[in-house]
Amino acid sequence: MKTMKTLFCLLMLLAGSTAVVAQTEEERAQEVEAAPADTLAQVNFAADTLAVDTAAAPVPWAQLVAKKIDRLLQNPMFELSQVGLMVYDLTADSAIYCHNHRQRMRPASTMKVVTAVTALDKLGGSYQFKTELCYTGKIENQTLRGDVYCVGGFDPRFNNDDMRAFVESLHKMGVDTIRGRLIADLSMKDADQYGEGWCWDDDNHVLTPLLIGGKNRFMERFEEELRKDGIVLDCQRTTGRCPAKAFQVCTRFHTMDQILMRMMKDSDNLYAESMFYQTAASSGNRPASAASARAITQRLINRMGLRAANYKIADGSGLSLYNYVSAELEVAFLRYAFSNDNIYLHLLPALPIAGKDGTLENRMKGAFTQGNVRAKTGTLTAITSLAGYCTAANGHRLCFAIINQGELSKQNGRAFQDKVCTVLCEP
């Protein structure tokens, strides 16, 4: 019976089947006689080399990978927690391992993969995050008699240098006095300051289209810098919408790649939310709303052949406790990106590199994973996740998603994920 089952497994794998043949409890027990007794840290992969009868046909690589991951899943941590896991061979175009891959789970910051791929698909890699300075009225005798508008584009990178450029542009026009109003145009997005399902006791960024250094004090700083430059202000601060007839004084922008790098490498939530709202605003939905952004993500999910109604998209960063996705969904986004150079060439450089930078700088420094695994991490209370790409020893390009849920020790969750990646990368 075992011989027939082994033959069936080989035929299925050679045929490119995505199915994973289940083992009996007795067979699993035989394979994990040396399984850990306590924590995942006790797993000894040095002793996990599978014995292969040299007289028999070699065991296919995918089957070896499956057996090693099966061993990891025998750890006692899974008596108290869950994991959704999927590994997809992009080169062979087939799934090589699935475990709870369709179960809905909270993704934490691997939600940023969904946001990034959606934004690149919708906006393109050349998209710019803009903030504009405009005015109405007339300039006579170095006095601007009219209104000055700061038009927010939800650029999370707008900084002190950008603010100086705003002020200097007025100075170069010969303006030394402003008589009118300083108006903040916040019409790019709705008035919701926080994401749906964010915890009230977190130190969350305010989601407003006008930011400086990530802080909600743009107009205050603008007025301060104008006065420092010697410009006399006989005006009041208010909010309003910049009219189409206004004259443009200065535009500051940051590129898609600049936003992606910090959003993914450092897992910056504000940058992710900015990108989330940009997708909605680009469709002409003004003010942009989270509901509009969700709809764009849902349409892409349906286009990829999955059913958007099966998931809950709450925000762009993964901070929300209302997000519910699956390992299968995250793999679908990674596969979609890989198949589209216009997305992949921007996404891949932004992902943290194992043992090198970002949130993976101090993880997976082994010979086979360091510099090889590129993936987005995620961490919330009792949730750790990892989704990205790596290259197997046989040269095949892989993508994977791992969501550990209910595991209170983030160290255990990360250790499990690191060992899965080691299995995927080692010979």
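Let me begin by describing the structure that accompanies this report. Note that the coordinates shown come from a computational prediction; the quantities given were computed from them, not determined experimentally.

Conventions used here
- Sequence order as written defines residue numbering, which begins from 1 separately in each chain.
- Local features in this predicted model are restricted to residues whose pLDDT is 70 or higher, and side-chain atom pairs enter the listing and the counts only when it is 80 or higher, whereas totals over whole chains, interfaces and linings include all residues.
- To get the side-chain values, all heavy atoms of the structure are used, and hydrogens and water are removed first.
- To qualify as a helix, a DSSP run of H or I must reach at least 4 residues; to qualify as a strand, a run of E must reach at least 2; elements of each kind are numbered from the N terminus.
- Here the term buried applies to any residue with accessible area under 20% of the maximum for its type, exposed to any over 50%, and partly exposed to those in between, with areas from a 1.4 Å probe on protein chains only.
- Should any heavy atoms of two residues lie within 4.5 Å, those residues are considered in contact.
- Between any two strands, at least two bridges found by DSSP are needed for them to pair.
- Every axis corresponds to a line fitted to the C-alpha atoms, with the helix fit spanning only the stretch in contact, and the corresponding angles, defined between N-to-C directions, vary from 0 to 180 degrees.
- The scheme is simple: roughly parallel for angles under 35 degrees, roughly antiparallel for over 145, roughly perpendicular for 65 to 115, oblique for anything else.
- Gly is placed with the polar residues, together with every amino acid not listed as nonpolar (Ala, Val, Leu, Ile, Met, Phe, Trp, Tyr, Cys and Pro) or charged (Asp, Glu, Lys and Arg).

### With respect to the overall build of the chain
In terms of helices and strands, the chain carries 12 helices and 10 strands. Counting all 427 residues of the chain, 53% fall into the buried class. Restricting the contact set of the chain to residue pairs at least 6 apart, pairs at least 24 apart contribute 71%.

### Overview of the environment of His 396
Of note, His 396 is situated in the loop between strand S9 (383-391) and strand S10 (397-405). The partly exposed category is assigned to His 396, whose relative accessible area is 23%. On a C-alpha basis, the gap between His 396 and Asp 89 in space is 6.8 Å, while along the polypeptide they are 307 residues apart. Beyond its immediate chain neighbours, meaning those up to four positions away, His 396 contacts Asp 89, Thr 91, Ala 92, Cys 390 and Thr 391.

### Here we look at the pairing of strand S1 (residues 82-89)
With 7 of 8 residues buried, S1 is to be regarded as a mostly interior element. Pairing analysis gives 8 bridges linking S1 to S10, with the strands arranged antiparallel. Residue pairing for S10: Met 86 is matched across the bridge by Ala 401.

### Some thoughts on the packing of helix H10 (residues 327-338) against helix H11 (residues 341-350)
One can describe the packing of H10 onto H11 by two numbers: an axis separation of 6 Å at closest approach and a directional angle of 115 degrees. What the angle tells us is that H10 and H11 run roughly perpendicular. Residues Tyr 336, Ala 337 and Phe 338 of H10 form the contact with H11, whose participating residues are Ile 343, Tyr 344 and Leu 347. Taken together, the residues of the contact of H10 with H11 break down into 6 nonpolar, no polar and no charged.

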